[in-house]
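Spelled out, the chains give:
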Amino acid sequence: MGACNGGLCPQSGPDDHGVWVEEVTGRRRALLVGINYRGSSSELNGCINDIENQKQVLIEHYGFVESDILMLLDDESRDRRPTKDAIIAGFKWLYTDAGSGDLLFFQYSGHGSQIMTFRGQADCICPLDCLHRPWPDSVIVDSEIHQHLYEPLPLGCKAIALFDCCHSGTVANLVVKRDFGAQAPKGRYMKPPQELKVTEAHLVEVAGSGIRKAVTREEYAGHQLWVFSGCQDSQMSADAYIDGTYQGAFTSAFLKAVKSDVWHESYIDLLEQTKTNLRGYTQIPALTTTLDSYLASWYAGRTPQAPVTKSLELDVGHRKALLVGINYRHTRNELRGCINDVNNQKSILKAAYGFQDGEIMMLTEDECQSNWPNKARIVEGMQWLLKDARPGDLLFFQYSGHGSQMTDSTGCEPSGMSDCICPLDCDKPWPEHIILDTELHQHVYSELPDLVKLVCLFDCCHSGTVANLECKRAYEVGPNAMSPQSYGATRFLEPPAHVATPSRPSAGRAFGCGRRSAMKPASGFRRSVAGSDTYGNKLVWVYSGCQDNQTSADAYEDGQYQGAFTWACIAALKSSRFSSDHGALLNSIRDKLRKRYRQIPALSTTTREHFSRYYLGQKQPVYLPNRSWF
């Protein structure tokens, strides 16, 4: 593999099975299946366009050649029409002579469905001939996908699968309104025939059933396998009209993420950017893989292109920092490491980055009561941080404490929930005593002057679930552990019952959120920064301790209680002598976390170029006496 560009090195080296993950040293092959079911009552419009667009990206960006791409479409010749037999034969072609170092790619765009077996529902995809041949003989059930796509994968060979279809006819979990006018999307779900009879021959194994979730089965532990799905199991994947053409909403968002200038080259970052691009649709894409470490690998083995020169680095003027750490002492939500987080961060800012005591505001329970981190005081702190900021200034904000979510009042969040952070007085009524994502945007991001640098760190959670990321857990501890070394808690606070239910306005309009002019102006603490028209000219970097649907650990490291993310961030800074660009820093933090924690930190900024800027503008290494900064 070639040299890293600008320090942006992937997590190179062997995986847990001794196989090198990043390198694609062999051939590339792709099987692309798109079915519009033309002339039938189940007709779709965008599936063939999905495949044509995907083919173009594979050739132009990922080194595939046309002769190594097999397309099965409605409008192909008879021997390349996407019947069940042709798709099964395509799987066999895909794996012919496959070996270590190869990259295999599969996409299916069309209808999905489910069939009832004696052991429950089984997912399936719907080949073209399912329109006139009996089910289940004419559909491809999940166990057949396992047999033909997952199980044959050789050790050291990569396989990526994208399914832009539905596997449930309901959208009970998320129903949000969007005005699509005459171009209303369709769901890519086909109802099974009413007369379907299931025999013993078509039973589906209970363990690991499903097209996506089965990847976590033990038998696939040695496989380098990534499976993307266009929506959650009980959502609709939209066949839509986007940018003047019919195409799948997920495929469109995915390809836009691949081609964008925002940093998204690893699988986890690509998933996050795809989610951002799907804003306005209720469907939430999902990613499943076999090992935690694979989530932070480069998509399709392609390392990022060389970033722009760092000569654009701006000199630093005045500095200010707002540090908020909340342990919620003597409550049932008590944490142990948050105040240590910000104390350690303060020491680093002073010793390595030139901050002075008078330029740092600390809001913790250890401060005098007037500086306790209640909501009103945190908002005052945000206003203090931005006051008199001028071009060239450097601002820093860290929040360590509980995060949460509450019912979205705008009706425009795909999950039906809005992110928030939890001040010390959050035991009082919500939302008056929490800080919503929209409030942070209002008080901080929107007020940031041009050419003023702002770095934000959030060591908290914004969801109690891990629904979007299915993988094997590498490290897990419980909140009631007896020894400090085994202590672990999550920084997520369950919302009060009256604001804990996702919003579900206008049932029956299943694909998105009101008109775009009425869409929520800011979504999340981090996501809306990336590729934002609103913040496109601002110098903002927002770090998060975990992905949106993961939990951030309150842990015990290096002899003290602290956040796992903050610990890893400071350790990464120390190992770089406090001089690192943002992209390299993110990779170093991930590398330090991945062997013990499931959480995968994230970073959003406004343009790709900003990933090559130095963290806090520190170009030269800083040599400090050992632990003098604590």
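Further up the page is the structure itself.
Every value quoted in this text rests on a predicted model; they were computed, and no experiment measured them.

Visitor: Describe in detail the overall build of the protein chain, supporting the description with residues and values.
Guide: Per the secondary structure count, the protein chain includes 10 helices and 25 strands. In the protein chain, which comprises 630 residues, the share counted as buried stands at 61%. Of the contacts formed within the protein chain by residues at least 6 apart in sequence, a portion of 78% connects residues at least 24 apart. Roughly 23900 Å² of accessible area belongs to the protein chain as shown, and the carbon and sulfur atoms make up 48% of that amount.

Visitor: Run through the pattern of salt bridges, naming residues and quoting values.
Guide: All chains considered together, the criterion is met by 14 salt bridges. One salt bridge in this structure joins Asp 102 and Arg 27, with 3.6 Å as the shortest N-O distance. One end of the pair, Asp 102, is in the loop between helix 2 (84–95) and strand 3 (103–109); the other, Arg 27, is in the segment before strand 1 (28–34), and 75 residues separate them in sequence. According to the relative accessible area criterion, Asp 102 is buried, its value standing at 7%. Notably, a salt bridge pairs Lys 84 with Glu 144, separated by 3.1 Å at the nearest N-O pair. Taken together, the positions of Lys 84 in helix 2 and Glu 144 in helix 3 (residues 142–150) put the pair 60 residues apart, joining distant regions of the chain.

Visitor: Got a sec to walk through helix 9 (residues 564–575)? Specific residues and values, please.
Guide: Along its 12 residues, helix 9 runs 16 Å from first to last C-alpha, staying within 8% of the 16 Å computed at 1.5 Å per residue. Among the 12 residues in helix 9, 9 count as buried, and that is most of the element. Inspection of helix 9 places Ala 564, Phe 565, Thr 566, Trp 567, Ala 568, Cys 569, Ile 570, Ala 572 and Leu 573 among the buried residues, and these make up the whole buried set. Arg 577 sits one or two positions beyond helix 9 and adopts a positive phi of about 60°.

Visitor: Tell me about the sheet that holds strand 19 (residues 453–459), and please be specific about residues and values.
Guide: If you walk across this open sheet you meet the 6 strands as 14-13-15-19-22-25, and the pairing is mixed. Of all the strands in the sheet, just strand 14 (360–363) and strand 25 (602–605) have a single pairing partner and so form its edges. Strand-to-strand twist in this sheet, taken as the mean axis angle between neighbours without regard to direction, amounts to 10°. As defined by bridge partners, strand 19 adjoins strand 22 (residues 539–544) across 6 bridges and the pair is classed as parallel. Bridging across to strand 22, Leu 457 finds its partner in Tyr 543. Of the strands in this sheet, strand 13 (319–325), strand 14, strand 15 (394–400) and strand 19 are in contact with helix 6 (residues 338–353), which crosses strand 13 at around 165°.

Visitor: Please set out the packing of helix 2 against helix 3 residue by residue, giving values where relevant.
Guide: Following both chains from N to C, one finds helix 2 and helix 3 inclined at 30°, their axes separated by 9 Å at the closest point. Classified by the angle their axes make, helix 2 and helix 3 are roughly parallel. Between helix 2 and helix 3, the residues in contact are Lys 84, Ile 88, Phe 91, Leu 94 and Tyr 95 and Glu 144, His 148 and Leu 149, respectively. Residues of the contact of helix 2 with helix 3, tallied by class, amount to 5 nonpolar, 1 polar and 2 charged.

Visitor: Can you explain unusual backbone geometry? Please cite residues and give values.
Guide: Geometrically, the link from Trp 135 to Pro 136 is a cis peptide bond, its omega value of -5° lying close to zero. Among the structural elements, Pro 136 can be located in the loop between strand 5 (120–125) and strand 6 (140–141). At Tyr 328, a residue that is not glycine, the phi angle is positive and equals roughly 55°. Mapped onto the elements of the fold, Tyr 328 is located in the loop between strand 13 and helix 6. Although it is not a glycine, Leu 616 adopts a positive phi angle of roughly 55°. Note that Leu 616 resides in the segment after strand 25.

Visitor: Can you explain the pairing of strand 23 (residues 553–557)? Please cite residues and give values.
Guide: In terms of burial, strand 23 is largely enclosed, as 5 of its 5 residues are buried. In strand 23, alternate side chains face the same way, and those of Ala 553, Ala 555 and Glu 557 on one face and Asp 554 and Tyr 556 on the other are all buried. Taken together, the 4 bridges between strand 23 and strand 24 (residues 560–563) define a ladder with antiparallel strand orientation. Counterpart to Tyr 556 in the pairing with strand 24 is Tyr 561.

Visitor: Summarise the packing of aromatic side chains; cite the residues concerned and give the values.
Guide: The geometry of an aromatic ring pair is captured by the separation of the ring centres together with the interplanar angle, meaning the angle of the planes. All told, the structure shown has 17 aromatic pairs when counted by the stated rule. Between Tyr 267 and Tyr 299, the ring centres sit 5.4 Å apart and the planes meet at 70°, which makes this aromatic pair edge-to-face. With Tyr 267 in helix 5 (residues 267–277) and Tyr 299 in the loop between strand 12 (286–289) and strand 13, this residue pair connects regions lying 32 residues apart in the sequence. Residue Tyr 299 is classed as buried on the basis of its relative accessible area, which comes to 3%. Both rings, one in Phe 397 and one in Phe 458, keep their centres 5.8 Å apart while their planes meet at 70°; by these two values the pair is edge-to-face. Of this pair, Phe 397 sits in strand 15 while Phe 458 sits in strand 19, placing them 61 residues apart in sequence. On the basis of relative accessible area, Phe 458 is assigned to the buried category, the value being 1%.

Conventions adopted
- Residues numbered from 1 in each chain as written.
- Predicted model: local features only at pLDDT ≥ 70, side-chain atom pairs only at ≥ 80, totals over all residues.
- Heavy atoms only, no water.
- Helix = DSSP H or I, 4+ residues; strand = E, 2+ residues; numbered from the N terminus.
- Buried < 20%, exposed > 50% of the residue type's maximum accessible area, 1.4 Å probe, protein only.
- Contact = heavy atoms within 4.5 Å.
- Areas by Shrake-Rupley, 256 points an atom, 1.4 Å probe, with all protein chains shown as cover.
- Salt bridge = Lys/Arg side-chain N within 4 Å of Asp/Glu carboxyl O.
- Expected span 1.5 Å × (residues − 1).
- Pairing = 2+ DSSP bridges.
- Axes fitted to C-alpha atoms, helices over the stretch in contact; angles between N-to-C directions.
- Parallel < 35°, antiparallel > 145°, perpendicular 65-115°, else oblique.
- Nonpolar A, V, L, I, M, F, W, Y, C, P; charged D, E, K, R; others polar.
- Phe/Tyr/Trp six-rings, centres within 6.5 Å; stacked < 30°, edge-to-face > 60°.

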